[in-house]
Protein chains: 2
Amino acid sequence: MKQLDFFYFFGSGYSYLSVMRIGNVAREAGVTVRWRPFNVRTVMGENNIALRTQHAKVRYMWRDIQRRAARHGVPFTGPPRWPTDPDLLANRVGMVAAEGGWCEDYTLASFRAWYLDGVELGSRQHLDAVLPPLGRDVDATIALADGPAAHERLVQETDAARDHGIFGAPAFVVDNETFWGDDRLEEAFAWAAGDHSLQVQPQT
Amino acid sequence: MKQLDFFYFFGSGYSYLSVMRIGNVAREAGVTVRWRPFNVRTVMGENNIALRTQHAKVRYMWRDIQRRAARHGVPFTGPPRWPTDPDLLANRVGMVAAEGGWCEDYTLASFRAWYLDGVELGSRQHLDAVLPPLGRDVDATIALADGPAAHERLVQETDAARDHGIFGAPAFVVDNETFWGDDRLEEAFAWAAGDHSLQVQPQT
């Protein structure tokens, strides 16, 4: 089965749209998704001044996300707390979850808590709400997320993202082709299916 | 007839896609397009470090434009000279053209010359190739573009773009709603038609 890598960040506003959409799109396409959180702050830091200081762009971003959520039937009740996850704890728990094979469920629950329940990512409130229903002990999971393996994996996943030319979240990689932004989700799956227009040979 | 404002820049890579597509989309939608070149460098300077220094993003941009051109049937023969139009002369001729009512034709001819014929925007070669077929005298037009009215109009159009919250090119404004990026072209026209999902009242 064809595999697509989904690179995203706990705390990226646009990643919410892809988190909520990619499961259905992948099922319909018959493609397996590898959920790969990474540290977008590192790769954006190399390329950009902090988005939060760009007022016109931030104002536009929330309105655009609202419009696109409506368009795709994704729930939207207003901009979430942002920036969030100051110590990258939500992202490091994502490393534990990816290692343990429960990253998709953890991600969906976390983005819902963040966007729809007003929870700060990486807070005790977030992890208390999200981990027990997944059968995970909160303190034990935090201890793992604070350990060297989780820190190291986050660096490695961020390096992997950078190696694919990724400079923002979300991004999709399939057959070594990189697509950036929730608005490229369908294009990435078209690529996975081999029917992107650039792949189709002209009729002769 | 509903009117949509099309803000773009002579020298913006993504604007090429919209320049080549918007005529057909607008005709089908029955919407009038007001072609409004503006100085994106000013509004980006407020928000961003220069795109040209962001290597991963630039590499991605040309590949993305290639893919999207293929998708939309827009000719693409490779990245154009970029950056281009160092003195904003192509953009200031755009002010003369907008004043005179021939901005759409000038823009289409210019973006084709830039992308498909390898011409530098604002060069003598560009203006010699583009202006005479439009019935415009090259020297007289350059004199107008170098005059105070053209300079002033460019400032005013850039202010208008900023007032609409625009921070990049291309952008579309309809009914005071702003859309950024060629990938929002269809969404902007859906808004113009009143059938964007955010505008549609839920069934009760």
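Residues numbered from 1 in each chain as written. Chains lettered and ligands numbered in written order. Predicted model: local features only at pLDDT ≥ 70, side-chain atom pairs only at ≥ 80, totals over all residues. Heavy atoms only, no water.

In the annotation of an unreviewed UniProt entry, the entry for chain A reads 2-hydroxychromene-2-carboxylate isomerase, and the organism field reads Mesorhizobium marinum. Listed in UniProt under the heading Sequence similarities (unreviewed entry), the comment for chain A reads: "Belongs to the GST superfamily. NadH family." Check the Catalytic activity (unreviewed entry) section of the UniProt entry for chain A; it says "2-hydroxychromene-2-carboxylate = (3E)-4-(2-hydroxyphenyl)-2-oxobut-3-enoate". (UniProt positions renumbered as here; feature names shortened; annotations may be inferred.)

**Student:** So what's going on with the layout of surface pockets? Residues and values would help.
**Tutor:** The volume enclosed by the second largest pocket comes to roughly 270 Å³. Along its surface, the second largest pocket is lined by 15 residues, and R68, R71 and D183 of chain A together with R68 and D183 of chain B are the ones closest to its centre. Elements represented by at least two residues in the lining of the second largest pocket include exactly α3 (55-72) and α9 (185-192) of chain A together with α3 (55-72) and α9 (185-192) of chain B. Residue composition of the lining of the second largest pocket, grouped by class: no nonpolar, 2 polar and 13 charged. (1 Å grid on protein atoms, 1.4 Å probe; cavity = no way out; pocket = protein on both sides within 12 Å on 5 of 7 lines; lining within 4 Å. Points joined across faces, edges and corners; volume = space filled by probe spheres on them. Helix = DSSP H or I, 4+ residues; strand = E, 2+ residues; numbered from the N terminus. Nonpolar A, V, L, I, M, F, W, Y, C, P; charged D, E, K, R; others polar.)

**Student:** An account of the relation of the copies chain A and chain B is needed here, citing residue identities and associated values.
**Tutor:** Once chain A has been moved 0.0 Å along the axis and rotated by 180 degrees, it coincides with chain B to within an RMSD of 0.0 Å. One copy is carried onto the other by what is essentially a two-fold rotation axis. Counting the interface residues of chain A, we find that 100% of their copies in chain B are interface residues as well, pointing to one common contact surface. (Least-squares fit on C-alpha atoms with pLDDT ≥ 70 in both. Contact = heavy atoms within 4.5 Å.)

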